[in-house]
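Fold and contact review
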Amino acid sequence: MSEVKKLKSYINGQFVDSNEYFDNINPVDGTLIAKVSEASPAMIEAAISGARAALTDEWGRLSVNERCALLHKVADRMAEREEEFIAAEIADTGKSLFQIKTIDIPRGTANFRFFADLARFNDGETFITETPSGDKALNYSVNKPLGVVAVISPWNLPLLLATWKVAPAMACGNSVILKPSEETSSTAVLLAEVMDEVGVPKGAFNLVLGRGKVVGDALTGAKGIDAVTFTGASNTGKQIMKSVAQSVKPISFELGGKNAAIVFADADLDKAIKGVTKSTFTNCGQVCLCTEKVFVHRSLFDRFVAGLKQAAQDIKIGYPLEKDVFIGPLVSKVHQQKVLSYYQLAKEEGATVVTGGGVPIFNDERDNGCFIEPTIITGLDDNARVNQEEIFGPICHISIFDEENEVIRRLNDTDYGLAASIWTENLSRAHRVAPQLDVGLVWVNTWFLRDLRAPFGGVKLSGIGREGGKHSLAFYSEPMNICINIEQA
Ligand code: NAD
């Protein structure tokens with residue numbers, strides 16, 4: 001029998017493990033993929049001191065151009081090892097090959113290329129200052145790294161979301177300690193291998209594996225961490241905020257959502273059905289931007305519900321490598337139980353189940369996995385718990401609206417504010433409605449179409465701050481003002 005793979009942390013240029021291991025389970029069939037070594041307090045300390053030392057050591061002495069050239073090498077090596085990244089991400093998440101190949105892994109690699117190119121233009125400002133008393137000065141700013149940045153990332157798009165923060169943080173000259181989700185450590189370990197192979201100086205990139213409440217909490221509260229950037233659930237964000245409050249660190253938070261789509265009377269119905277199918281069911285509903293509520297104009301409601309029902313029933317669920325599979329399982333048994341509890345709650349709150357609502361039966365090893373049916377419900381009030389709480393599964397509730405102002409008010413009536421999509425062929429309506437929505441991102445007649453230069457983030461419980469393009473550079477660097485007196489003759 002082949003030995004079970006052991007996943008180790010990467011600290012100050014070395015792969016190291018502890019005596020504590022937990023299981024990494026394949027959500028397709030419940031089999032053991034690997035044993036993950038949980039970083040001990042001493043290992044976390046070593047990562048922090050290694051990362052601190054790197055700031056003034058070889059890593060800290062690299063010029064911007066040298067640093068960015070190195071990050072391009074990281075991307076090149078990731079591309080060379082793409083098949084391994086794909087296999088590792090599939091094993092951890094059970095996602096379809098198509099999605100991993102077109103989204104997760106290439107976008108992970110692209111993050112390094114994009115931010116390596118952008119950071120070269122992270123220019124400061126200059127001002128000639130003249131005072132009423134006749135003084136004159138040159139004021140300029142230089143962008144310095146924040147220091148040691150803790151990156152805490154989730155399981156839903158593991159490599160993509162970790163690199164979305166690691167790449168700009170490193171491009172700005174910070175040293176990084178990445179703590180990926182305990183559900184999905186594998187591609188983070190491959191990334192550490194790549195960093196090592198291309199010669200990233202020791203301490204610049206560190207990886208600590210383990211559970212959030214243990215390793216994540218120890219990291220965010222530790223002295224020696226200068227900033228925390230986090231993607232994950234809003235409740236975890238609240239805990240991290242308490243933990244960092246002791247030392248007043250900068251934070252960037254990309255949190256949960258309860259995103260809605262609006263289908264106006266003037267929408268192209270086929271386009272809207274296709275779009276909402278994608279926005280609700282992609283990645284088995286496990287994208288923070290996924291739609292969980294759909295408001296449809298009364299004139300289209302019956303046709304829309306019938307069309308989305310058909311589309312949901314046509315979705316092929318199955319093995320990641322199977323042809324035409326659109327969705328795989330949820331990430332874990334724990335998450336499957338959470339989503340199923342919301343399916344149950346929907347029934348208790350009085351919903352009509354249009355389709356789905358349970359677990360598909362395969363009569364093979366997949367019945368040990370974490371699969372779930374794409375589900376559509378109707379008939380609940382806006383204030384039902386199912387319409388207010390983030391479920392993070394392949395489910396949407398569809399309701400009727402009549403007036404534009406009414407639907408804007410109802411969409412905004414939530415504690416979350418991440419994303420929305422609107423479906424209309426009326427350009428004036430699109431421009432009028434989009435800015436009135438209390439979210440960080442509105443898509444019109446599309447969904448999940450992202451430009452890395454555009455600001456990304458949420459309002460209310462969905463996050464603090466913006467990342468993307470120059471917004472990432474602004475978070476991961478600290479402008480310092482230097483004022484030089486210009487002596488007057
Ligand atoms: P999670 O909050 O449970 O975990 C995210 C990360 O935080 C993991 O690495 C986890 O180990 C760690 N963690 C957990 N408790 C911690 C603590 N007390 N201190 C420090 N770290 C801790 O989230 P998840 O279940 O992995 O991901 C799903 C959630 O992430 C959803 O709510 C989703 O909407 C959100 N999300 C948001 C975005 C966005 O861009 N806004 C993107 C993806 C996912």
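Residues numbered from 1 in each chain as written. Predicted model: local features only at pLDDT ≥ 70, side-chain atom pairs only at ≥ 80, totals over all residues. Heavy atoms only, no water.

This brings us to the overall build of the protein. A tally of helices and strands in the protein yields 16 helices and 23 strands. By the compact-globule yardstick of 23 Å for 489 residues, the protein fits well, its C-alpha radius of gyration being 24 Å. For the protein, the spread of C-alpha atoms along the three principal axes comes to 80 × 75 × 40 Å. Within the span of the protein, comprising 489 residues, buried residues form 56% of the whole. Long-range pairs, those at least 24 residues apart, make up 74% of the contacts in the protein with a sequence separation of at least 6. Of the roughly 20500 Å² that the protein leaves accessible, carbon and sulfur atoms contribute 52%. Within the protein, one finds 50 positive and 61 negative side-chain charges whose respective centroids are separated by 1 Å. (Helix = DSSP H or I, 4+ residues; strand = E, 2+ residues; numbered from the N terminus. Rg over C-alpha atoms; globule rule 2.2 N^0.38 Å. Buried < 20%, exposed > 50% of the residue type's maximum accessible area, 1.4 Å probe, protein only. Contact = heavy atoms within 4.5 Å. Areas by Shrake-Rupley, 256 points an atom, 1.4 Å probe, with all protein chains shown as cover. Lys, Arg positive; Asp, Glu negative; His and termini not counted. Charge placed at Lys NZ, Arg CZ, Asp CG, Glu CD.)

In this structure, Val74, Phe112, Met170, Phe205 and Leu289 are the most contacted members of the largest nonpolar core, which totals 74 residues. By residue number, the principal contributor to this core is helix α6 (residues 158-171), which donates 10 residues. The residue makeup of this core includes at least three contributed by each of domain 1 (5-255 + 462-482) and domain 2 (259-451). Contacts of Phe205, omitting those with residues within four sequence positions, involve Tyr10, Val166, Met170, Val176, Leu178, Leu191, Ala192 and Met195. (Core = buried A, V, L, I, M, F, W, Y, C linked by side-chain atoms within 4.5 Å. Domains from an automatic or database assignment.)

Our focus in this paragraph is the environment of Leu269. Looking at the element boundaries, Leu269 is found in helix α10 (residues 269-281). According to the relative accessible area criterion, Leu269 is buried, its value standing at 14%. Considering only alpha carbons, one finds Leu269 and Pro320, 51 residues apart in sequence, at a separation of 30 Å. Excluding residues within four positions of it along the chain, Leu269 makes contact with Leu300, Arg303 and Phe304.

So, about the domain arrangement of the protein. One can read the domain layout of the protein as domain 1 (5-255 + 462-482) and domain 2 (259-451). Relative to domain 2, the C-alpha centre of domain 1 lies at a distance of 31 Å. Contacts between the two partners involve 23 residues from domain 1, matched on the other side by 29 residues from domain 2. Of the roughly 2100 Å² buried between domain 1 and domain 2, counting both surfaces, carbon and sulfur atoms make up 60%. Looking only at domain 1, the three residues that lose the most surface to domain 2 are Val28, Trp155 and Ser462, adding up to 27% of its buried area. Our enumeration of links across domain 1 and domain 2 arrives at 0 salt bridges. (Buried area = accessible area lost by both parts, 1.4 Å probe. Salt bridge = Lys/Arg side-chain N within 4 Å of Asp/Glu carboxyl O.)

Right, let's talk about the sheet that holds strand β1 (residues 5-7) for a bit. Taken together, the 3 strands give an open sheet; going across it, the order is β1-β5-β4, and neighbouring strands pair in mixed fashion. In the strand order of this sheet, the two ends are held by β1 and β4 (21-25), each with one partner. Taking the axes of each pair of neighbouring strands and ignoring which way they run, one obtains an average angle of 35° across the sheet. Relative to strand β5 (residues 32-37), β4 runs antiparallel, the two being bridged by 5 bridges. Paired with Phe22 across the bridge in β5 is Val36. (Pairing = 2+ DSSP bridges. Axes fitted to C-alpha atoms, helices over the stretch in contact; angles between N-to-C directions.)

This next bit is on the site of the ligand. The ligand sits among 30 residues. The nearest are Ser153, Glu182, Thr236, Leu255 and Glu390. Between the ligand and Asp217 there is a distance of 3.4 Å, counted from a nitrogen atom to a backbone nitrogen or oxygen. Interatomic distance of 3.1 Å between a side-chain N/O atom of Gln239 and a nitrogen atom of the ligand. Coverage of the ligand by the protein chains reaches 92% of its 840 Å² of free accessible surface. (Near = heavy atom within 4 Å. Polar contact = N/O pair within 3.5 Å; in protein donor to acceptor, adjacent residues only side chain to side chain.)

Turning next to the sheet that holds strand β7 (residues 136-145). Reading across the sheet, the 3 strands line up as β6-β7-β23 and stay open at both edges, with antiparallel pairing between neighbours. Where the open sheet ends on each side, the last strands, each with one partner, are β6 (126-130) and β23 (477-485). When the angles between neighbouring strand axes are averaged without regard to direction, this sheet yields 25°. Relative to β7, β6 is paired through 5 bridges, and the arrangement is antiparallel. Its bridge partner being in β7, Phe127 is matched across the sheet by Asn139.

Per the stated rule, a full pass over the model turns up 29 salt bridges. A salt bridge links Asp23 to Lys35; its shortest N-O distance comes to 2.6 Å. Separated by 12 residues along the polypeptide, Asp23 in strand β4 and Lys35 in strand β5 bring together distant segments of the chain. Its relative accessible area of 40% is what places Asp23 among the partly exposed residues. A residue is classified by how much of its surface remains accessible, and Lys35, at 28% relative accessible area, is partly exposed. Look at the salt bridges and you will find they share partners, linking Arg77, Glu80, Arg81, Glu84, Glu193 and Glu197 into a network.

Relative to each other, helix α5 (residues 97-119) and helix α16 (residues 469-476) sit at 70°, their axes nearing to 10 Å. Compared by their axis directions, α5 and α16 come out roughly perpendicular. Residue-level contacts link Phe114, Phe115, Leu118 and Ala119 of α5 to Gly469, Lys470, Ser472 and Leu473 of α16. For the contact of α5 with α16, a count of residues per class yields 5 nonpolar, 2 polar and 1 charged. (Parallel < 35°, antiparallel > 145°, perpendicular 65-115°, else oblique. Nonpolar A, V, L, I, M, F, W, Y, C, P; charged D, E, K, R; others polar.)

Here we come to the packing of aromatic side chains. Aromatic ring pairs: the centre-centre distance and the angle between the two ring planes describe each pair. Counted by the stated rule, this structure contains 12 aromatic pairs. Judged by centre distance (6.4 Å) and plane angle (35°), the rings of Tyr10 and Phe205 are tilted. In this pair, Tyr10 sits in strand β2 (residues 9-11) while Phe205 sits in strand β10 (residues 205-207), placing the two residues 195 residues apart along the sequence. Judged by its relative accessible area of 2%, Phe205 falls in the buried class. (Phe/Tyr/Trp six-rings, centres within 6.5 Å; stacked < 30°, edge-to-face > 60°.)

Side chains of Val4, Ile25 and Leu32 sit close together on the surface and give an oily, nonpolar patch of about 210 Å² of accessible area. Its place among the elements puts Leu32 in strand β5. Given the relative accessible area of 39%, Leu32 is considered partly exposed. (Patch = residues over 30% accessible without salt bridge, like charges linked within 9 Å, V, L, I, M, F, W, Y side chains within 5 Å.)

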